[in-house]
Each structure stands twice: as C-alpha cells, then as structure tokens.
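# Descriptive structure summary
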Protein chains: 2
Amino acid sequence: MAFDKVTREQDYSKWYNNLVEDADLAQHSSVRGCMVIKPYGYAIWEKMQQELDRRFKETGHQNAYFPLFVPKSLFEAEEKNAEGFAKECAVVTHYRLESDPDKEGKLRVDPKAKLEEELIVRPTSEAIIWNTYKGWIQSYRDLPILVNQWANVVRWEMRTRLFLRTAEFLWQEGHTAHATKKEAVEETRQMLEVYAEFAETVLAIPTIKGTKTESERFAGADDTLCIEGLMQDGKALQMGTSHFLGQNFAKAFDVKYTTKEGKQDYVWATSWGVSTRLMGALIMTHSDDEGLVLPPNLAPIQVVIVPIYRGMEQLETISDRMEPIIKNLRKRGITVKFDNRDTHKPGYKFAEWELKGVPIRIAIGPRDLENGTVEVARRDTKEKQVLELTDIENKIEHLLEAMQKEIYLSALNFRDNHITNVNTWDEFKEVLENKTGFISAHWDGTAETEDKIKELTKATIRCIPFDNKQEPGECIYTGNPSKERVLFAKAY
Amino acid sequence: MAFDKVTREQDYSKWYNNLVEDADLAQHSSVRGCMVIKPYGYAIWEKMQQELDRRFKETGHQNAYFPLFVPKSLFEAEEKNAEGFAKECAVVTHYRLESDPDKEGKLRVDPKAKLEEELIVRPTSEAIIWNTYKGWIQSYRDLPILVNQWANVVRWEMRTRLFLRTAEFLWQEGHTAHATKKEAVEETRQMLEVYAEFAETVLAIPTIKGTKTESERFAGADDTLCIEGLMQDGKALQMGTSHFLGQNFAKAFDVKYTTKEGKQDYVWATSWGVSTRLMGALIMTHSDDEGLVLPPNLAPIQVVIVPIYRGMEQLETISDRMEPIIKNLRKRGITVKFDNRDTHKPGYKFAEWELKGVPIRIAIGPRDLENGTVEVARRDTKEKQVLELTDIENKIEHLLEAMQKEIYLSALNFRDNHITNVNTWDEFKEVLENKTGFISAHWDGTAETEDKIKELTKATIRCIPFDNKQEPGECIYTGNPSKERVLFAKAY
C-alpha cells in the first residue's frame with residue numbers, strides 16, 4: 001500500500017489517478033491506452049456484472065457471443081455507424097509472424113500473410129450482430145430477439161484515463177430485434193430504466209434520465225437515451241446509453257421478416273450498453289481524500305476486523321472471541337476479512353482498508369474483550385462508536401443497509417444542490433466555472449448553438465430529461481425562442 | 001428447429017457439425033474461422049464458467065483482466081513461447097480508417113495511421129502478464145500471486161471446426177507466481193486436479209491425467225500436465241492443460257524477488273487453461289443420433305413439461321395441475337420449462353427438446369389427469385415410465401441425480417473398454433484403425449520415434465499417465481528398451 005496523497009481540492013485529476021492505482025483497482029499497461037484491471041478492481045466489476053446480468057435475465061434477455069473481428073465490408077455497411085467509429089479503429093492486416101532475418105531471435109510481420117480483407121477489432125458490434133441476425137429472422141415468430149453479450153471492445157483513444165477512457169474496455173452490449181417500432185421504443189426505455197435502477201440501488205449513484213440531442217446521438221441511432229451522473233468535481237459523466245436504432249441496421253443488412261399478415265417488413269432494433277467506465281463513476285461519486293468509499297452492495301469485503309494486541313496469546317484470545325461472530329456474519333451473506341497479519345501494525349491496516357473503501361471496520365483490543373465491546377467505524381462518515389458484542393451481527397447488518405441508503409442520499413443531495421436554473425449567458429458562464437454541476441437553461445434547439453456553446457465553454461447538453469417541463473423561454477446564447485430547458489454541463 | 005439428420009455411423013464429423021448448428025449451440029460467422037456462440041450454447045458455457053470460477057476462488061485465486069494486445073517486443077521476449085505461437089498471430093498494424101477517395105461511402109485503412117510497433121492479438125497472455133507482474137513483485141511477501149482471467153484469445157487456424165478449433169475462442173487462463181519451485185509444481189498439479197474433478201462431476205466426462213512428452217509441451221513450459229478425454233469415435237481430446245513454466249518467463253521479463261534471507265532470486269511460474277473446446281468434448285462424449293445429451297448439472301433447462309391437449313380448456317386444466325409442481329421443482333433449484341406453445345404439436349416439441357438434450361421430459365395429457373400420473377422420459381437412455389404425481393418432485397430430483405451419475409458411468413465404461421494394451425506394431429496399427437481409442441504401448445522415449453509414429457499413423461502420445469506403472473519393455477516401433485507404457489491415440 002502506498003497512497004501518494006493529493007487532496008481532491010489540490011488536484012482532482014491527480015487524486016483520481018493516484019486513488020485508482022494505490023487502491024489496487026487498475027493500472028496502465030505497456031500497451032498504449034490499455035489498462036490492467038487488478039484483482040481488487042476486478043472483484044468490484046464482477047459484482048456490477050452479476051447485478052446487471054441478473055436484471056437482464058429477469059427482463060427476458062439471454063447472453064451470447066459474437067466475433068471480436070468485423071470484416072471491413074460489413075463494418076462499413078451502416079454508413080453513419082461506420083463513419084462515427086472509423087477514426088478509432090484498430091485494424092488487423094496480417095495473420096502471421098516470421099523470424100526476422102536481420103535480427104536474431106526477433107520476429108517480424110510476415111509480408112506473405114496479408115489478409116485479403118482487413119479485420120476491424122470491434123468498437124461496437126451492431127454490424128457483426130445484424131449480419132448474423134439476418135440468418136436468424138424469417139418470420140414474426142422469430143421475434144423478438146433479446147440478446148446481450150459481455151465483451152471487450154477497442155476504440156483507439158489519443159487521450160486516455162484509467163476506467164474513464166481507455167483504448168480497450170470491458171462492457172456489455174444488448175442487441176435486440178423487434179417486429180414493431182413500438183416494441184423497440186419500449187425496449188429502449190425499459191433498459192434505460194434497468195440501468196437507472198441499478199445505478200441507484202447498487203452503485204448508490206443518482207442519475208438523470210433523458211434523451212441526447214441529435215449531435216450527441218450514437219452513430220447509426222434514431223434516438224439515444226442516457227443516464228447522467230454528477231461527479232464530485234461538478235462534471236457530468238454519461239453512465240449508460242440505450243439506443244433506438246430504428247430500421248437502420250435492418251436496412252443496411254437487409255433483415256426483413258414476414259408479418260402475421262404475410263407482408264415483408266424491416267426489423268426494428270435497439271442496442272444498449274454500460275462499461276468499466278462505471279468504475280470511474282463509482283470512484284468519483286463517493287470517494288474522499290483518504291481513498292475509496294464503497295457502497296456495501298458493491299464491496300468485495302464489507303467488514304474488516306482488525307485485532308489490537310500484544311503477543312500471540314492476546315491475538316488468539318481475540319480470534320477465539322471473534323470466530324463465531326465472523327461465522328454468523330458470513331451466514332447472513334456478509335463478506336468479512338479478519339486481518340490478523342502480524343507483519344503490519346493496526347494503524348497501517350486502518351489506513352489500508354480506508355484506502356480500499358471497506359464499509360465497516362471493527363477494531364477489538366484487550367480492553368474491549370474485558371468490556372464485551374468492539375469499536376465500529378464507518379468508512380463513509382468516519383464515525384466511530386463503541387458497541388456491545390451482544391447481537392453485534394444484527395447491528396452490523398443494519399448498519400450496512402443504512403450506509404447503502406445514506407451513501408446514496410448524500411450523493412443525491414450533492415447532485416440536487418448542483419442543478420442550477422440559469423437565465424442569462426453571463427450567469428451561465430459564472431455558474432459553470434464556479435458553482436459547476438448541471439445547468440438547466442433554455443436552448444434554441446439548433447446544432448449550431450450547441451456547438452458554439454461547447455466551443456466557448458466546453459459545456460455540452462447532457463440530455464433533455466424525460467417528462468421535461470414544457471416552458472417557453474429564450475435561448476441562453478442566441479435569445480431565440482425555446483420551448484424547454486435542457487441540462488448543460490462540462491463532462492468526462 | 002431443423003436437424004439435418006446424419007447418424008454418427010454414417011459420418012461422425014458431419015453429425016457433429018449438424019448437431020452444433022441445429023441444437024442452437026454455435027454457428028460459423030462471416031469472419032473466417034470465428035464462431036458465433038448462440039444463446040443456448042452460451043448458457044451451457046456460462047454454467048461451466050460458474051462451476052470453474054467457484055473452484056478457482058475456493059483454491060485462493062482471484063480474477064483480473066489484462067490487455068487484449070501484446071506489443072511485438074514483449075511478445076518475442078520469451079523466445080520459445082514466441083516461436084511456438086508466431087505462425088498463428090493476428091497482427092494489428094493500423095489504428096484508423098478513412099474515407100476511400102476512390103469509392104463513395106466506403107472506407108480504407110489510413111496509411112498515415114500506422115503503428116510504430118505492431119500489436120499482437122493475444123494467443124495466450126504469459127508475455128503481457130509477466131511484464132505486469134514485474135511491477136507487482138519485489139519481495140517474498142508479494143508471493144504467491146494467484147490470478148485468473150476469463151478472456152478471448154486468437155490463434156489463426158487454417159482448418160477450423162466449431163468449438164474444437166476456432167480462430168477466436170473463449171477461455172480462462174490462470175497465471176501464478178511463486179517463491180519456490182516446489183510451490184509452483186504443486187500449484188500446477190492442484191489445478192489439473194481441479195480440472196479433472198470438474199470434468200468428472202460437472203461434465204460427466206472421465207479423464208486421464210498425465211504428463212505431456214517434450215514435443216507436445218506448451219511452448220515455454222518446462223512441463224505440461226493434461227487431462228485427456230475419449231470421444232465416441234475413439235479419438236482423444238485434450239480437455240485442459242496446466243503448465244509448470246519454471247523460471248522461463250521470470251528470466252525473460254527479469255522478475256526477481258528478495259527472499260526471506262535477503263537474496264535475489266527469479267520467480268517460479270505456472271499457467272493453466274480450459275476453453276470453449278470443452279463444449280466440443282461435452283457434445284462428443286454423450287450425444288446420440290437424436291441430438292445433444294446433457295448431464296443434468298450442465299443443462300440450462302433440466303426438465304421440460306409438454307402438455308398433450310385438445311382445446312384451450314384442457315390446456316388450462318393441465319396448467320393448473322402442473323403449476324404447484326413447477327413451483328416446487330424451482331424451489332429445489334431445478335430449472336423447468338413448461339412448453340405451452342400452441343403453435344407446435346407435441347411430437348415436434350419432443351423432437352426439439354431431444355435435440356437440445358433436456359435431461360427429463362414430462363408429458364401430461366387428459367388421461368394422465370384422470371389417473372393422477374405423468375409420463376417421464378429420460379433423454380440419455382430414452383426410457384419412459386408412467387409415474388404417479390404423488391411426491392413427483394422428489395422422484396424428479398432423484399432421477400436427475402441418478403442420471404448425472406449414470407451418464408458419467410456410461411462414458412467411463414466406454415472409455416475403459418477403449419484402453420488397449422498392445423505389444424506389436426501390427427497390433428498397434430490394427431487397434432488404432434479398427435477398435436480405436438487409447439493404446440497403451442511401450443515407447444523408446446525419443447522424439448524421433450514419436451514423430452515417426454505420428455507420421456505413419458496420425459497417432460500421438462496423449463500423455464504419460466500419473467503414477468504410471470514402471471514396467472520394462474520394448475518400444476512398439478523401434479524395439480529399443482522402454483521403461484514404461486505411454487498412451488497413444490488419434491486426437492482432435
């Protein structure tokens with residue numbers, strides 16, 4: 001453990017990077033822009049996966065797996081999608097290495113093993129999947145297709161940040177096919193609701209659900225829905241998207257079905273995804289200058305017990321006393337670590353588990369043994385209390401439940417205090433720079449104005465919230481008429 | 001559903017391909033050599049993953065994730081390993097596409113976006129992982145490192161077969177680092193035992209555990225242990241390997257640690273893996289001319305209930321009667337499908353679930369309702385029996401348990417009848433061609449003889465079984481002295 005301590009106030013970006021590396025979540029690799037997800041970070045990602053996967057299955061989806069590579073001719077079939085990703089594509093051109101005749105023991109690409117058609121490493125899988133669905137769909141009886149895949153994807157990024165923007169990342173991508181537009185629209189919305197509920201109850205992150213403007217849409221979509229979170233530094237982070245793809249991919253790959261009435265029609269599509277980016281959202285929503293703060297529902301270790309002792313005899317007495325309690329906690333499905341390492345002092349252990357965000361720390365020393373008590377410390381508020389051992393399992397279980405809720409409420413409170421209604425351009429700039437957060441302001445609905453505001457302030461329209469109040473006004477920048485406010489923010 | 005029926009006797013290879021495609025397990029994709037794993041096939045793979053992952057964690061391993069790409073300079077660091085995989089490597093050379101000036105709406109590789117150093121799509125991850133471990137290991141306190149990763153890998157294959165040999169496949173690869181040779185050797189053996197126990201109790205496949213000859217070793221290993229299964233056509237299939245890597249990768253990547261005594265030493269390594277190839281082993285061990293046969297422990301649907309009815313009223317009566325039974329079965333953790341599709345006749349449904357290998361089929365019609373009975377059919381033996389509904393849940397649960405064991409015993413019996421002791425070269429060829437299976441024969445221990453036998457007969461040495469009887473004899477081919485028999489077979 002080594003936490004190169006920079007406070008959030010001093011340098012938020014450096015604080016983030018240090019935390020990710022020092023809490024053993026992830027690190028940069030020798031491959032430009034690609035990260036190594038370390039065991040502790042991966043254990044948190046696995047918890048996210050399990051929770052999401054259960055929700056996908058409960059809503060009728062099945063997992064499958066499609067190829068990593070997309071032949072160029074398939075990739076370019078849906079033109080808007082291809083154009084949107086073309087600049088970020090890793091391309092496989094050869095399939096063999098050979099000994100380098102000029103350098104003993106070294107290899108070079110075998111020029112004779114050039115592929116006839118280049119293969120794109122998937123930046124997203126609509127093309128390869130819709131090319132496959134063509135063979136799966138003949139009639140309305142074959143619909144809907146409700147499929148998800150857990151996979152790695154590659155988008156070549158020039159400026160990368162651990163979890164937030166990496167050349168390779170892990171994600172899930174749902175790809176569904178429907179007989180009617182209505183059903184596809186409903187699916188798009190349903191999956192966004194699944195993401196929002198997951199963010200709220202598991203990640204303890206409040207999100208704003210809404211629709212992207214045309215300029216911010218997924219390439220190839222007719223509509224993109226999103227959930228937006230707010231980080232502690234006042235910047236927004238897009239946490240998940242759900243796309244209504246219309247018949248665009250069905251047309252590009254000629255996927256038609258026979259309707260009940262015997263007619264031929266193109267199939268309607270959706271796709272939706274969340275990625276290891278959620279790890280970044282998690283860290284930047286809850287953590288503090290001492291390190292990670294994990295909501296109990298996501299913590300690989302929920303309770304750590306640190307014995308305070310001199311000599312092996314005292315340690316053994318403490319171990320004996322705690323053993324049945326640990327067993328009982330585990331029976332309740334609570335993950336407990338008894339940190340009896342003799343190589344480190346309690347102070348070191350306290351700092352280490354604080355850095356790693358373990359929700360509850362229990363300390364127990366000789367005096368506690370005499371008194372029948374333990375010291376229980378919450379990671380989120382850093383409150384400590386001395387509790388009697390009687391019925392301690394119940395107390396811990398309730399505390400974990402309470403913490404999950406309070407961590408969420410604390411984030412919700414921060415977020416709600418950072419949505420500011422703004423009516424003038426000066427105020428817009430002022431709030432954006434100083435108060436930060438979401439700005440609710442009128443916009444004239446044109447891409448030109450959106451671009452101009454982005455160019456001048458780096459703020460983008462994060463979304464038009466669902467069920468947005470219809471309220472006539474004047475565009476914050478042009479003064480032209482507007483029918484509703486939209487949410488601006490600087491974003492990751 | 002459409003099962004293009006070819007019997008195993010007629011054409012085993014075609015039977016296999018038809019089964020994989022028609023039972024909705026996997027299909028070929030538009031990418032040369034890459035497969036699509038369909039939802040039903042993927043559900044079986046997920047069950048394998050869960051069972052393996054639990055075993056890895058119980059033996060102290062943690063999951064992590066390492067980059068898909070390996071820079072060429074890292075890839076070639078361990079020369080034997082690099083040489084072993086060089087001919088099968090997909091190589092990324094560019095990171096961008098651009099509009100093709102000659103073809104409207106098409107893309108081409110941007111020649112300006114050529115990588116300075118080529119990236120290899122991982123065929124296995126020792127190189128990238130040991131390059132990472134270098135930063136994780138300073139002292140004996142950092143050891144052991146017990147890490148596993150679930151990932152996709154790419155090995156360019158010229159002749160591919162669904163699940164058995166594909167350019168991209170899914171697998172897990174464990175990579176461990178140890179302070180002593182003894183510990184690494186024990187880990188290598190432990191993980192092979194984990195694989196063998198998993199194969200036996202989950203896949204219901206008996207395996208032979210043993211050591212590979214030097215020629216059949218993993219490139220870069222000092223020793224390769226394996227489990228070998230026997231398929232119905234008498235060919236062997238390597239189902240999993242566990243490698244003792246010595247200090248080869250530690251030396252190639254300069255990974256040293258400080259011992260307790262303050263000295264510097266290279267770290268000892270293992271790696272071990274199983275892949276979607278296990279799906280092939282599963283299919284070819286148990287299935288029959290009617291389709292897939294799944295051991296209950298792996299079946300995504302363990303029990304299917306097919307109502308036999310005329311008119312909606314009868315269907316409703318049957319549904320009402322079965323509802324509490326279905327609930328009770330699910331409470332016991334048994335997965336049940338009530339196939340009430342009105343679009344298909346019972347005969348069609350029977351054939352479909354037979355093709356998909358559902359272990360138990362329950363049929364219930366009006367007469368059964370009167371008699372308080374159901375017809376229960378086992379997929380493996382095709383035995384049918386009429387059972388009273390009283391306590392049916394217990395009967396089904398016991399039947400599933402019995403089937404799991406009997407499917408294993410049936411495969412074990414077949415396997416044991418196909419291990420033949422052979423003492424002459426003529427007999428060797430005769431058994432190999434006609435009886436098939438494993439041949440236990442003396443071998444003089446040289447790679448030359450091994451190669452020659454392979455060249456002449458296509459038989460390879462599958463392994464030298466653990467605890468092999470030491471028994472002097474004469475090599476089956478050269479007549480030179482031999483100290484033990486080894487197992488030969490034709491193999492996938």
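That block above? That's the structure.
For every chain, the first residue of its written sequence is number 1, and the numbers climb from 1 along that sequence. As a convention, the first chain written is A and the first ligand written is 1, with the rest following in written order. Given that this is a predicted model, residues contribute local features only at a pLDDT of at least 70 and side-chain atom pairs are listed and counted only at 80 or more, while totals for whole chains, interfaces and linings are drawn from all residues.

## Details of the overall build of chain A
- Under the DSSP-based scheme used, a helix requires at least four consecutive residues in state H or I and a strand at least two consecutive residues in state E, with every element numbered from the N terminus. Secondary structure summary: chain A contains 14 helices and 26 strands in total.
- When the backbone C-alpha atoms are referred to their principal axes, chain A occupies close to 80 × 70 × 55 Å.
- The burial tally for chain A puts 48% of its 492 residues in the buried class.
- Remark: residues whose backbone-derived C-beta atoms lie within 7 Å of one another are considered to be in contact. Of the contacts formed within chain A by residues at least 6 apart in sequence, a portion of 67% connects residues at least 24 apart. Put plainly, a residue is buried at 20 or more neighbouring C-beta atoms within 10 Å of its own, exposed at 12 or fewer, and partly exposed in between, counting only other residues' C-beta atoms, which are placed from the backbone.

## Some points on the packing of helix α9 (residues 311-331) of chain A against helix α12 (residues 392-416) of chain A
Residues and elements named next belong to chain A.
- Only the stretch in contact is used when fitting a helix axis, every axis being a line fitted to C-alpha atoms; angles between N-to-C directions are given from 0 to 180 degrees. Look at α9 against α12: their axes get within 10 Å of each other, and the N-to-C directions meet at 45°. By the angle between their axes, α9 is oblique relative to α12. For the crossing formed where α9 meets α12, the hand is right-handed. Together, Ile 325, Asn 328 and Leu 329 of α9 and Ile 392, Glu 393 and Ile 396 of α12 make up the contact between the two elements.
- Split by residue class, the contact of α9 with α12 holds four nonpolar, one polar and one charged. We call two directions roughly parallel when the angle between them is under 35 degrees, roughly antiparallel when it is over 145, roughly perpendicular when it lies between 65 and 115, and oblique otherwise. By convention the crossing between two helices is left-handed if the near helix lies anticlockwise of the far one by an angle smaller than a right angle, and right-handed if it lies clockwise. When residue character is reported, Ala, Val, Leu, Ile, Met, Phe, Trp, Tyr, Cys and Pro are called nonpolar, Asp, Glu, Lys and Arg charged, and the others, Gly included, polar.

## Thoughts on unusual backbone geometry
- Geometrically, the link from Leu 143 of chain A to Pro 144 of chain A is a cis peptide bond, its omega value of -5° lying close to zero.
- On the secondary structure map, Pro 144 of chain A appears in the loop between α5 (126-136) and β9 (145-154).
- Despite not being glycine, Ala 204 of chain B shows a phi value in the positive range, around 60°.
- The topology assignment puts Ala 204 of chain B in the loop between α6 (181-201) and β11 (208-211).
- What makes Ala 204 of chain B buried here is the crowd of 27 C-beta atoms within 10 Å.
- Located in the positive-phi region is Asp 467 of chain B, a residue other than glycine, with phi close to 50°.
- Within the element layout of this structure, Asp 467 of chain B appears in the loop between β24 (460-465) and β25 (470-474).

## Concerning helix α8 (residues 277-286) of chain A
- Of all 10 residues in α8 of chain A, 10 are buried; the element is thus mostly enclosed.
- Where α8 of chain A is concerned, the buried positions are Arg 277, Leu 278, Met 279, Gly 280, Ala 281, Leu 282, Ile 283, Met 284, Thr 285 and His 286 of chain A.

## Points about the interface of chain A and chain B
- At the junction of the two partners, chain A supplies 55 residues and chain B supplies 55 residues.
- Residue composition of the side of chain A that touches chain B, by class: 32 nonpolar, 11 polar and 12 charged.
- DSSP bridges decide pairing: two strands pair if at least two such bridges lie between them. The sheet contact formed by strand β5 (residues 91-94) of chain A and strand β5 (residues 91-94) of chain B spans three bridges and is antiparallel. By the bridge assignment for β5 of chain B, Val 91 of chain A is matched with His 94 of chain B.

## Examining the environment of Ala 23 of chain A
Residue and element names in this part refer to chain A.
- Within the fold, Ala 23 resides in the loop between α1 (12-22) and β1 (26-28).
- With 23 C-beta atoms counted inside 10 Å, the residue Ala 23 sits in the buried group.
- For the pair Ala 23 and Ser 73, spaced 50 residues apart in the sequence, the C-alpha separation amounts to 44 Å.
- Setting aside its immediate chain neighbours within four residues, Ala 23 contacts Tyr 40, Gly 291, Leu 292, Leu 355, Lys 356 and Gly 357.

## Re the sheet that holds strand β4 (residues 69-71) of chain B
- Pairing in this open sheet of six strands is antiparallel, and the strands run β4(A)-β8(A)-β5(A)-β5(B)-β8(B)-β4(B) from one edge to the other. Each of the sheet's edge strands pairs with one partner strand only, and the pair in question is β4 (69-71) of chain A together with β4 of chain B. Each strand axis lies, on average, 45° off the axis of its neighbour in the sheet, ignoring direction.
- Across three bridges, β4 of chain B lies against strand β8 (residues 114-121) of chain B in antiparallel orientation. Directly across from Phe 69 of chain B, in β8 of chain B, lies its bridge partner Val 121 of chain B.

## Examining the relation of the copies chain A and chain B
- Each copy superposes on the other: chain A lies on chain B with an RMSD of 0.0 Å after a rotation of 180° and an axial shift of 0.0 Å. The transformation just described matches what one would write down for a two-fold rotation axis. Of every C-alpha in chain A, the one belonging to Val 92 of chain A sits nearest the axis of rotation, 2.1 Å from it.
- When the interface residues of chain A are mapped onto chain B, 100% of them are again interface residues, pointing to one common binding face. A residue counts toward the fit only if its pLDDT is at least 70 in both copies, and the copies are then superposed by least squares on the C-alpha atoms of those residues.

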